[in-house]
Amino acid sequence: MTSLIQITQTDGEQLIAEFFQESEGAWRSERRYYTLPDGKTQEMVSFITVKFLERGSEELGQLAQLHGLGDQVSLTCGAKITWDSKDSVTDRKQSQGSTLFGVLGKIVYRDRGFATSKPVTAQYYFTNPKTLCLKTEYNDSVFEEELKLIGNNYRTRQSIISRAGEQLMIGQYLEKRIPSSDNIHETTS
């Protein structure tokens, strides 16, 4: 039984590594957030850069330390995501920043959450090799996210935020890959 669990984890780690590798690059993300139950909407545009992180990278080492995993634990892969967002209607800047993802088994370790700057973990699974699902829980809230690769140049995402069994917000995203020669918004690190 133990070997079957290890094979499943290895398969999951391989799928998420491939997903992060296929997501590497620059993206333009058109986002719409629905606040529930009143249905108030907010539209945003974000420029996102995804960098694949291999086992042993400095960033994954820092992330493992942040989570107290110890020196003997090595995250198998990960991604560094940077973003720059603005309101689509007012053109006003909304947020800018970065976050790290690291994988070990069926857990994604992050240096921050959607609504917190503290380190969080998420469980992940795949409905198919191109659709990654994440479930993160903290501060009495549940964050469920589905990311789907569509061909080489598109991704869709949907996020649902709930508290005490009640859905509070739904976010829907269409992301288009930006060719590197066109990417004037790419964040360097």
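This text follows the structure it describes.
Cut-offs used in this document
Residues numbered from 1 in each chain as written. Predicted model: local features only at pLDDT ≥ 70, side-chain atom pairs only at ≥ 80, totals over all residues. Heavy atoms only, no water. Helix = DSSP H or I, 4+ residues; strand = E, 2+ residues; numbered from the N terminus. Buried < 20%, exposed > 50% of the residue type's maximum accessible area, 1.4 Å probe, protein only. Polar contact = N/O pair within 3.5 Å; in protein donor to acceptor, adjacent residues only side chain to side chain. Contact = heavy atoms within 4.5 Å. Arc of directions from axis to C-beta.

## Focus on the side chain of Thr116
- For Thr116, the location among the structural elements is in the loop between strand E5 (107-110) and strand E6 (120-128).
- Note on Thr116: relative accessible area 15%, which makes it buried.
- One polar contact links the side chain of Thr116 to the main-chain amide nitrogen of Lys118, over a distance of 3.1 Å.
- Each residue touching Thr116, except ones within four places of it in the same chain, is listed here: Tyr138 and Asn139.

## A closer look at the environment of Lys86
- Relative to the elements of secondary structure, Lys86 occurs in strand E3 (residues 77-87).
- When neighbours within four sequence positions are excluded, Lys86 is seen to be in contact with Glu43, Met44, Val45, Asp91, Arg92, Lys93 and Gln94.

## A short note on helix H2 (residues 58-66)
- Among all positions of H2, only Glu59, Leu60, Leu63 and Ala64 are buried. Here the buried residues of H2 occupy an arc of 135° about the axis, which is enough to place them on one side. When the buried face of H2 is taken as reference, the exposed residues oriented beyond 90 degrees from it are Glu58 and Gln65.
- Those residues of H2 hidden inside the fold are in contact with strand E2 (40-54), E3, strand E4 (93-104) and E5.
- Remark: Gly68 follows H2 within two positions and exhibits a positive phi of approximately 65°.

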